[in-house]
Structures are given as structure tokens and as C-alpha cells.
Amino acid sequence: MDATRLSGDAVVTGPPIIKDLVGAVPDPELPWVTIAELGVLRGARISGERAVVEVTPTWSGCPAIDAITDSIRAVLTEAGFGLEQIEIHTTYSPAWTTDDITHDGLRKLAQAGIAPPRRPAEDPQGATRCPLCDSSGVRPVSEFGATPCKALMVCNACLEPFDRFKEL
Amino acid sequence: MANERSFVTISVVSAQHPGRARFEALLAAEEKVEPADWMPEGYRKTLIRQIAQHAHSEVIGMQPEGNWISRAPTLKRKAILMAKVQDEAGHGLYLYSAAETLGITRDEMVRLLHEGKQKYSSIFNYPTLSWADIGCIGWLVDGAAITNQVMLTRCSFGPYARGMVRICKEESFHQRQGFQIMETLCRGSAEQREMAQDGLGRWWWPSLMMFGPHDSDSTHSDQSMAWKIKRVSNDDLRQQFVDMTVPQADYLGLTVPDPELRWNPERGHYDFGEIDWDEFWAVVRGNGPMNRERIAHKRAAWYDGAWVRKAASAYAARHTGQVG
Amino acid sequence: MTSRSETATSCHREEHRQLLFRYVLAHADDNLILAQRLSGWISRAPDLEEDIAMANIALDLLGRARMLLDYAGQLEGRDRSEDDLAMFRSEREFTNLLLVEQPNGDFAHTMVRQFLYDAYQTALWKSLCGSADATLAGIAGKAIKEARYHLRHSGTWLLRLGRGTEESHRRTQRALEGLWRFTAEMFETSETDRKLAGAGLGVEPAGLQPGWERGVEKVFCEAGLQIPNDRFARSGGRSGFHTEHLGLMLAEMQWMQRAYPGMQW
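Residues numbered from 1 in each chain as written. Chains lettered and ligands numbered in written order. Predicted model: local features only at pLDDT ≥ 70, side-chain atom pairs only at ≥ 80, totals over all residues. Heavy atoms only, no water.

## A short note on the interface of chain B and chain C
With 47 residues of chain B at the contact, the number on the chain C side is 47 residues. Along the contact surface separating chain B from chain C lie 1 salt bridge. A salt bridge links Glu49 of chain C to Arg106 of chain B, with the shortest nitrogen-to-oxygen separation between them at 2.6 Å. In this structure, the connection of chain B to chain C is made through 13 residue pairs in polar contact (both at pLDDT 80 or more). Secondary structure elements with two or more residues in the side of chain B that touches chain C: helix H4 (62-66), helix H5 (75-100), helix H8 (158-186), helix H9 (190-209), helix H13 (291-304) and helix H14 (306-318) of chain B. The element contributing the most residues to the side of chain B that touches chain C is H5 of chain B, with 14 residues. Counted by class, the side of chain B that touches chain C contains 26 nonpolar, 12 polar and 9 charged residues. (Contact = heavy atoms within 4.5 Å. Salt bridge = Lys/Arg side-chain N within 4 Å of Asp/Glu carboxyl O. Polar contact = N/O pair within 3.5 Å; in protein donor to acceptor, adjacent residues only side chain to side chain. Helix = DSSP H or I, 4+ residues; strand = E, 2+ residues; numbered from the N terminus. Nonpolar A, V, L, I, M, F, W, Y, C, P; charged D, E, K, R; others polar.)

Now the structure itself:
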């Protein structure tokens, strides 16, 4: 990414560029997906000489949000913004839900072995499937998992223990 | 890379089993052995021992860090620490589930832990005496654990290897935060820098001990390497860790407590001093600073909770399908 | 958490802003104090699943407390951060409910306390989703979803414990008898509550009581537990008149900041 072009020239600092740049920041604990795919990035724009970014936290207690804002700051600094030119806002409304995860995001979670959250509105019959063997014969081990967003399941068919992304 | 000797051992155990050829072919092709596949008894037992020990380490490791949750200096640090300890419990649960696929129950593993028949990482037998120790555990202990676990992502047993990929990502996040604690202390007041140096002074050598005895003294290593459970030797992993960590200590302006530590341009590695093996074996055998306390804490929680578990299973027995 | 929003200071009349500051701070305190209490279970729970659940719930509550403290700091306009508010206020300045500062006791005691609180939080945040204050409504929108998860967890435990074994039933009934006197405080309506409710910003706690009672009575009935007849109610938390338990807890929580003031961590 060309730093001077980004911060200096109004023509190439259009919304898509900064949005792509910031949106590509990976989630610190689920680095297979970006913050854009997770739906954590609510907006990114240039306002005069400033970069204005809006993010929303997932689960209230998830400390990943602090790491995410640090990474956004790092990416923007690298792109030529001074620290004083970076504005990151946290917004709570509307509250983040797992419906904010893009379809690419869902696919990437599944590829990483994490059963994606269900979407009852899109797929009322959708059941959690084993990310390894695709069996729907799975059982919960724990409603709460290693991170606030996950629960632990086990597949009855291939015995694989796996994380399920909880619906919120 | 599979050495001849291992296959001789395997064939003695189960010469005629038709699954043997497939097991060997999987190993040779760098493919994963899955729970339903045939496997030699020794392979199964080694994995159970190792995965159970790994799970116990995650669970016992909650204690030294849990010791600082109520006193964390800021709410952000408290949240990060709480999330980290939750993460460890979650990894422990994942690992117990992975071990269960090999035909042992979690209750059995817990019993073996309480009776001292299964081990956990000795590092958690050291106490956390200041806030810097929380930084040191993230930076050094997680750093050493990740070095080991990155290797385990290539382990031949599927559920273990796949679990390690996800666990490594989560632990890297925590290691970074541990390092940030150290960075903040080292940029802070003289008192804070002193705290950081004291922490490094106490955690450095125990962290090096995490990689186990020298290769020449390691009882299980050769077989584990042949079975591709272990992919890199203890001494090589330890060297990797030292090479990675010393520049970080330099960056922090802290002194590694090893007068023999120096860069060796010929080897392209750091040379470092000898571990105090008497201390190493004392801790392994149960005489570290906190061994008794850790197990007593764990057993107390288990026995205090017995009536709760009993109530839950009594309820579940009467309302099958409603609990969960 | 990452920036000070302009809206907090400009949208409200000065009087409302100060009232809202106290209101938000009180709810922040509830969540902070209970998070601190619950975290005491981590590594001491009856099984690993509960270690994880306790840590997760404590973390959700702490996260909620941080959002609220941050917002309270903005409303107050004296540039106090979440840590200033959490670590440098005394016992008399905390305005949390007495219920949340009660010691953990045994697992039944913790779960009864949690259930009473989760049921209250579910009712509270559901109402606050309609607050005319956008930030508070936004926080409520997040909180309500998590509170429902928590309520399901503690409610399920109440059934298991109430209907599990004779011992678990006895312990749970005893916990309920010990904690019931702290529940009325949740629904006391102060002058602040009334004014904020009138302005469409807050809710009158008394209005939450009937729904809360129906909800908890249903679970207690299913769990075979008796609501105590004792009508004695202890309150005072909202005006800083606490039980003796809070001071010791704050001493531990605030120790680092007080021992090493003015440092970064």
C-alpha cells in the first residue's frame, strides 16, 4: 500500500481504499477472517486529513476489540497517517449479531474447522454439522468455550471435538 | 524419515493386524491417523499420556494466573487475563475431548492427575509473586508452549494436530498481550522495571526446563519421533525458543539471568548455560515450590463440587434430553 | 472505549446529564462488582465446564461494566476514565446493589444470586433498549442478548440443584433464604429513576418487578423451591450504604492502583 498516496491525495483516498485497507485487518484470535468479514468494521472514511473508523464489539467481554483497534491504528500509521489523524469510534448500536458475519466469513470459519453460527432466518432447518465429516450427529460438550464466541461440540460419527460459533 | 527401529517395535506388538499396513502407510505419507483407525497400543498409550498431560497443564495453569485476576491493575488487563484463563480452560476441555477419542474418560484422567499418576507441566509449580509474573507467563511460558505446539500441528494424530492449529492462534494472541505487559513495565517507572527484571530472573530457567530433559536423557523421544507424534527434539525446540526470546529481552532492556549466554556466529545460534537439572528433577518428582499447593487446590475444588456433579447427573438421569 | 463521543455531552440538558451519569454508574457498579465476585470461581468450579462458564459470564459482565463506566465518565464530563471510576472511588461512593456484593458461598449460593440477578438484568436491558439515549440503548441491545444466555445457564442450574439430590435441594433452599432479602432493592424507585423515566431515558425499576416475579416464581416452582415468607428487605446499596463485604473486595481490587499511583500498566 502506497502511504503517501493514501493520506495525501484526495483522488485516491476515496472510501473503497481505506475501507479495504482497514477491513483487511485479521481478527486476532480467528486470523482466518478479517474484521470486515466478521462485521466488526462499521465504517471507514477520510474526512479532510483524518481517517475516521467505526468499529463495534462482538461479545461485550471479548478483549479482541482492543487488539483490533491497535491493529487498525498500526495499519493506518503504516499508510502514512499520524496518530493524531486517526479517529477510531466504538459504536454499540445496532448491536452486533452473528448475522453481521459475511458469507465469505462463514465459509472461512468452516474451513478453519469452526462450525459457523446458524442462520435460522435464511435456513430454518440448518443444523450444526461436524466441520470434519459433515455429519449432523453432533452433541454439545460445553455451552461455553475457549472464547466468548464459541461453544465446544463433539461429533458422534468421527469423534472430532470442534468449536461452534455461537449465535448472538 | 520414519526410522526402521520403530517399525520393528510396532510389529512385535501386533504383527498380524491388517490395520498395521494402513497405519504405517498413513505415517509414511504424512497423513493423519484418525480415532477410528487401527493404531498400535503403544501409540495410543503414548498419545493418551501426552494429551492428558497437555490438558492437565492447561487446567493447572489456570491457578498461577487466576491468582492475579482479582488484583489486575486495570480493568482492561483484568478482562484480558480473565479471557486468557477462560481460554486455557477451554483448551483443556478440548484436549480432554481429544484424549477421550482414544478410549479414556475425562473422569479417569482427572483421577490420575489427583493421584499424581499423570503429570502436568512443571512450570506451573512456580508461584506468581508480582504483576510482572503475569507478563512473564504470557511472554515466556506461552512462548515456550507455542514453540512446542507449532510442532504439534504436524503431529500424526488428527484431532490433536487440528486442535493445535486453532489453539496456537489463540495462544499467540495471549503471548502478544503478555509481551505488552512487559513492554509497558519496562517503559514505566524504576519500580516497574525492577518488577519486570525480577520476573524474568525467576521465570527464565523454568521456561527453558519446559522443553524437557536433554535428548540423550529423554525416555520417550525416539519412539514418539518415529510415530510422528513429536516432530522436533527437545534440545532443538529449546534452542529455537532461546533464539527467538533473547532478542526480545534485549529489546525490553532486560538481562537474561545466564552469564554464559552469547551469540555464536559459527552456529548461527545463541549458546547458553546448563539448566540446573537437580532442580528440574526435584520439581518433576513433586518437590517444586508449589506442587503440593496446586494439587491440593485442584482436589479441593473437585471434592467441594462433588455434590453439584451428583445433583446434575441425578437430574439428567430423570430428565434425559432436557439438560444441556 | 476508544474515543470520547460528542453526543454524550451535547444531547442532554445539564440536569439529565448528571442524573444519567449516576444512573449509568450504578448499573456499571452492579456489573463490575458481580464480575469481580464471579471471577473468584475460576479454577474452583465443580467441573471444567463451569470454570469456563464462570469466566465467560464474569467477562461479559466486566465488558458491560467497562462500556458503562466509559460512558459514565463521558456524561460526568470530568475526564475520569473507567479505571479512575473503578479504582479510586471508596466504598461509600459505589452504588451497586447489595445482592451482587454478597460473598460467593457455595455453588448453590452463587447460582441463586446469579439467577436472581440475571432475571433482573434481562428485564432491565429489555426495557432500556427503548431508551431515548442512543448510547444506553445500544449497550442495552448488546446486554440483552448476553443476559438471556446467562439466565438460561443459571436457570438450568436452579432446576438441576432444586430437583437434583436432597443435599443440593437443601443447599439451594438455604441460599434462597439467605439472599431473598436483597431482591427488593432491585425495584426501589428513586427520584433519579423517576425523572429519567419521565424523560424517556431510563426505566422505573418498580415497573420491572411484576415480570421479574412471574419469571423467577415459575422457575422456583419447577425447581421445587419455596420463596421465603420473610418480608424483611435490606437495601441501601444505591446510596452507598453497603454490607461489610464490599470494602474488603475493593481493597483487593484497587490495591495495585493505590500502591503504585499514576502508572501505566
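## Description of the sheet that holds strand S2 (residues 50-55) of chain A
Residue and element names in this part refer to chain A. Reading across the sheet, the 3 strands line up as S1-S2-S3 and stay open at both edges, with mixed pairing between neighbours. Of all strands in the sheet, those with a lone pairing partner are strand S1 (41-47) and strand S3 (86-90), marking the two edges. Here the average twist between neighbouring strands, direction ignored, is 15 degrees. With 5 bridges connecting them, S2 and S3 associate as parallel partners. When the bridges of S3 are listed, Ala51 appears paired with Ile86. (Pairing = 2+ DSSP bridges. Axes fitted to C-alpha atoms, helices over the stretch in contact; angles between N-to-C directions.)

## Examining the packing of helix H3 (residues 41-60) of chain B against H5 of chain B
Residue and element names in this part refer to chain B. Contact pair H3 / H5: the axes reach a minimum separation of 8 Å and the direction vectors enclose 160 degrees. One way to sum up the angle between H3 and H5 is to call them roughly antiparallel. Here the hand of the crossing between H3 and H5 comes out left-handed. In this structure, H3 contributes Ile51, His54, Ala55, His56, Glu58 and Val59 to the contact, and H5 contributes Glu88, His91, Gly92, Leu95, Tyr96, Ala98 and Ala99. By residue class, the composition of the contact of H3 with H5 is 7 nonpolar, 4 polar and 2 charged. (Parallel < 35°, antiparallel > 145°, perpendicular 65-115°, else oblique. Left-handed = near helix turned anticlockwise from the far one by under 90°.)

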